[in-house]
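# Coordinate analysis (summary)
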Amino acid sequence: MLAILKSTARHALKHAVIRSILEAIALFGLDRRPGAAAGRGVIFTLHHVRPAGGAAFAPNRHLEITPEFLDEAIGVAKARGLVPVALEELPRLLADPSDTRRFCAFTLDDGYRDNLVHAAPVFRRHGVPFTVFVTIGFTTRTRTMWWETAARLVARVDRLAFDFGAGVETLECRSLGAKQVAFERLAHFVASIEEDAAVTRIDEAARAAGLDPVAMVAEEVMDVADLQRLFTEPLARLGAHTLTHPALSRLDEGRAREEMARSAEIIAEWIGHRPTTFAFPYGSRDTCGAREARIARELGFDVAVTTGPGVLGSADHETMTALPRVSLNGLYQKGRLVSALISGLPFGLARG
């Protein structure tokens with residue numbers, strides 16, 4: 001329990017530090033003088049795009065932005081000289097030594113329905129290409145989203161009985177702070193045991209509390225017909241995001257390869273076009289690494305993206321299956337903060 005409390009405090013401190021750095025860059029106008037730190041541009045990461053609102057307890061709020069903020073972020077990117085391009089075009093563009101332009105590509109993970117309803121019209125209005133990464137199990141309702149299930153479960157109950165591996169414990173969930181700690185414990189649980197088993201256990205707890213984890217997926221995620229409709233948008237692309245959204249580095253190579261390959265094959269069956277781009281689930285350094293980048297390359301993906309923060313470098317055309325991205329984080333929905341991120345300065349400071 002103490003470790004989880006410390007983790008929660010570290011996350012709060014991390015967000016405070018990040019915001020302070022971004023605000024300082026914007027305040028002193030450092031983002032208006034792009035230098036070497038800005039690199040060749042950025043790949044933006046998004047998840048939900050939907051109107052503001054919702055419950056007081058929202059541990060996944062960082063994964064959602066408003067359509068208005070997306071509109072503002074696109075405007076800021078263009079104003080800072082970035083050329084919007086489709087993700088799949090980056091290998092050719094970055095490999096051209098005569099092209100010194102800076103680019104931006106917009107990507108959305110998991111295939112949420114609001115990408116079609118709320119995000120697509122914004123991209124259409126700006127004429128900006130975008131790529132939606134599809135998790136097959138979410139689309140077919142055969143895999144649940146543990147982070148969504150856990151959030152609704154903890155929000156629903158005042159006390160949560162759950163076996164984390166040492167017998168059933170009862171967690172108090174009456175206050176927002178207690179709910180956050182309970183959610184963090186469930187997140188830590190998913191990362192600490194075999195992920196399929198962890199997802200099953202969280203689903204069971206949700207059902208015992210009167211929730212339907214599969215119905216949550218159906219509510220939030222596009223089905224095949226939605227994806228086919230989205231693909232008719234001239235600006236829309238679909239990319240692969242595995243079968244079940246696992247941390248690939250924790251799987252043996254055979255299953256990791258199947259998760260990646262089959263996801264692309266199934267998307268090809270749905271839309272008649274095999275995706276050439278891939279996004280690693282979670283995408284952090286401890287969930288995807290050199291092995292996963294190699295597998296993506298061997299499977300024929302032209303581009304694979306992580307969630308490791310950073311701008312595009314001049315040599316990234318040589319390592320196109322492990323590209324960094326910049327999150328359009330729901331906790332930082334200000335145009336000036338997007339401009340600070342585009343400058344690349346926060347990532348240089350982090351490395352320093």
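Residues numbered from 1 in each chain as written. Predicted model: local features only at pLDDT ≥ 70, side-chain atom pairs only at ≥ 80, totals over all residues. Heavy atoms only, no water.

### Some remarks on a nonpolar patch on the surface
Filter applied, for reference: Patch criteria: residues need more than 30% relative accessible area and no salt bridge. Like-charged residues are merged within 9 Å; nonpolar side chains of Val, Leu, Ile, Met, Phe, Trp and Tyr are merged within 5 Å. For the area figures, the Shrake-Rupley method with a 1.4 Å probe applies, and any residue is considered shielded solely by the protein chains shown. Only one rule defines a salt bridge in this text: a Lys or Arg side-chain nitrogen within 4 Å of an Asp or Glu carboxyl oxygen. Every helix listed is a DSSP run of H or I at least four residues long, and every strand listed is a run of E at least two residues long, numbered separately from the N terminus. For every residue, the accessible area obtained with a 1.4 Å probe (protein chains only) is divided by the maximum for its type, and the residue is called buried under 20%, exposed over 50%, and partly exposed between those limits.
Among the surface-exposed residues, Leu27, Phe28 and Leu30 lie close enough to one another that they form a single nonpolar patch of about 340 Å² accessible area. Mapped onto the fold, Phe28 is located in the loop between helix 1 (2–27) and strand 1 (41–46). A relative accessible area of 57% means that Phe28 is categorised as exposed.

### Description of the packing of aromatic side chains
This is how the line gets drawn: Ring pairs shown here join Phe, Tyr and Trp side chains whose ring centres sit within 6.5 Å, with only the six-membered ring taken for Trp; geometry is labelled stacked below 30 degrees between planes, edge-to-face above 60, and tilted in between. A positively charged side chain is recorded as over a ring if its NZ (Lys) or CZ (Arg) lies within 6 Å of the ring centre. The angle to the ring normal must also be within 35 degrees.
Scanning the entire structure with this criterion turns up 11 aromatic pairs. Ring plane angle 75° and centroid distance 5.2 Å describe the contact between Phe278 and Phe280, whose orientation is recorded as edge-to-face. Like Phe278, the residue Phe280 is buried in the burial classification. Site record: aromatic cluster; members linked through ring pairs are Phe44, Phe106, Phe123 and Phe130. Here the basic side chain of Arg185 rests over the ring of Phe164, its NZ or CZ set 4.1 Å away from the ring centre.

### What about the environment of Asn115?
As a reminder, the rule being used: It only takes one pair of heavy atoms within 4.5 Å for two residues to be counted as in contact.
The topology assignment puts Asn115 in helix 4 (residues 113–126). Separated by 66 residues in sequence, Asn115 and Val49 place their C-alpha atoms 6.1 Å apart. With near-sequence residues (within four places) excluded, Asn115 lies in contact with His47, Val49, Leu108, Ala120, Val132 and Met222.

### A word on unusual backbone geometry
Positive phi outside glycine occurs at Asp110, with the angle close to 95°. Mapped onto the elements of the fold, Asp110 is located in strand 5 (residues 102–110). Taking the relative accessible area as the measure of exposure, Asp110 reaches 2% and is therefore buried. Even without glycine at this site, Tyr282 takes up a positive phi of about 65°. Following the sequence through the fold, Tyr282 ends up in the loop between strand 10 (277–279) and helix 12 (290–298).

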